[in-house]
Amino acid sequence: MKRSIPVAWCGLNRMVPVGVVLLVVAFTSSAVNAEPTGSTSTNSEAVPTLLVMGDSLSAAYGIEREEGWVYLLAERLAGDARVINASISGETTSGGAQRFANIIGQRQPDIVLLELGGNDGLRGLAPTQMQANLAAMIEQSQDAGAQVLLLGIDIPPNYGQAYRDAFTGVYHSLAEEYDVPLVPFLLEDVALESTLMQSDGIHPTADAQPIILDNVWPALEPMLETSYQAAVE
């Protein structure tokens, strides 16, 4: 079956080396440090908790924290859910997996949004290891009773079609194996628009963040409804 992730970033080959450096160097700068984001309810026990485990695409890299799509998500929910952003710029699936057990144990989320893998791809790491790391986080989430939403990403074409197919195929395989919803390409309608990308060609601008949120929302909204129903039963 043909994968649904579009052939994006086709014009970004010349920008990839800079983007790789920025993603790796930014590893130590966490924009949010797993703190609640945006407006939250005063009774946090009465609303679902959303945990975002991501990299720079979710950590508002290069823009103000309040401009990032995760913060905008918290604002859209406006107290109907508690949003915890545990994203770190430069994070790989290996780093995320190492942190995950502690975070999920402390935060006890109802929904986990997994936005990891981009840095694995840019470093040319093995897709099989990326899949194992993401699978471990999905399993831990489901064992803890949390729903999981996978947020997929693509890599530029100069990494070779075979590697790109294996990379993007990881998200589809995991979604099917664990029966979890998937946003195939987080940067849909963003990555090919130069006005919506920062000068490194990898990170979206502030203007792109509402579009990213709109890419996530259709898959997330039904999960929120399920969490709301469970809370009142």
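Placed above this text is the structure.
Note that the structure is a prediction, hence the values are computed from the model and not measured.

Trainee: Before we go on, may I ask you to explain helix α2 (residues 69–77) in this structure?
Mentor: Buried within α2 are the following residues: W69, V70, Y71, L73, A74 and L77. A78 lies just past α2 and shows a positive phi near 45°.

Trainee: Any chance you could explain a negative patch on the surface here in plain terms?
Mentor: Judged by side-chain charge, E64, E66, E67, E75 and D207 come together as a negatively charged surface patch. Along the chain, D207 falls in the loop between β6 (182–183) and α7 (209–232). On the basis of relative accessibility, which here comes to 59%, the residue D207 falls in the exposed class.

Trainee: Could you clarify how one ought to interpret the packing of helix α5 (residues 127–143) against helix α6 (residues 161–178) in this entry?
Mentor: Geometrically, a packed helix pair is captured by the angle between its two axes and the distance between the axes. At a closest axis distance of 10 Å, the pairing of α5 and α6 adopts a crossing angle of 20°. Taken together, the axes of α5 and α6 lie roughly parallel to each other. In the packing of α5 onto α6, the handedness of the crossing is right-handed. On α6, the residues that touch P127, M130, Q131, L134, A135, I138, E139 and Q142 of α5 are Y163, A166, F167, V170, Y171, S173, L174, E177 and Y178. For the contact of α5 with α6, the per-class residue count stands at 12 nonpolar, 3 polar and 2 charged.

Trainee: What is the right way to look at the packing of aromatic side chains in this model?
Mentor: What describes a pair of aromatic rings is the distance from one ring centre to the other and the angle between the planes of the rings. Enumeration over the complete set of coordinates arrives at 3 aromatic pairs. An angle of 25° between the planes, with centres 6.5 Å apart, marks the rings of Y163 and F167 as stacked. Of the two residues, Y163 and F167 both sit in helix α6, 4 residues apart, roughly one turn of that helix. With relative accessibility at 17%, the residue Y163 sits in the buried group. Take F167: its relative accessible area is 0%, and that puts it in the buried class. Clustering of aromatic rings is evident, with ring pairs tying together Y159, Y163, F167 and Y171. Geometry around W217 places R76 over its ring, the cationic atom sitting 4.9 Å from the centre.

Procedures and definitions
- Residues numbered from 1 in each chain as written.
- Predicted model: local features only at pLDDT ≥ 70, side-chain atom pairs only at ≥ 80, totals over all residues.
- Heavy atoms only, no water.
- Buried < 20%, exposed > 50% of the residue type's maximum accessible area, 1.4 Å probe, protein only.
- Helix = DSSP H or I, 4+ residues; strand = E, 2+ residues; numbered from the N terminus.
- Patch = residues over 30% accessible without salt bridge, like charges linked within 9 Å, V, L, I, M, F, W, Y side chains within 5 Å.
- Areas by Shrake-Rupley, 256 points an atom, 1.4 Å probe, with all protein chains shown as cover.
- Salt bridge = Lys/Arg side-chain N within 4 Å of Asp/Glu carboxyl O.
- Lys, Arg positive; Asp, Glu negative; His and termini not counted.
- Charge placed at Lys NZ, Arg CZ, Asp CG, Glu CD.
- Axes fitted to C-alpha atoms, helices over the stretch in contact; angles between N-to-C directions.
- Parallel < 35°, antiparallel > 145°, perpendicular 65-115°, else oblique.
- Left-handed = near helix turned anticlockwise from the far one by under 90°.
- Contact = heavy atoms within 4.5 Å.
- Nonpolar A, V, L, I, M, F, W, Y, C, P; charged D, E, K, R; others polar.
- Phe/Tyr/Trp six-rings, centres within 6.5 Å; stacked < 30°, edge-to-face > 60°.
- Lys NZ or Arg CZ within 6 Å of the ring centre and 35° of its normal.

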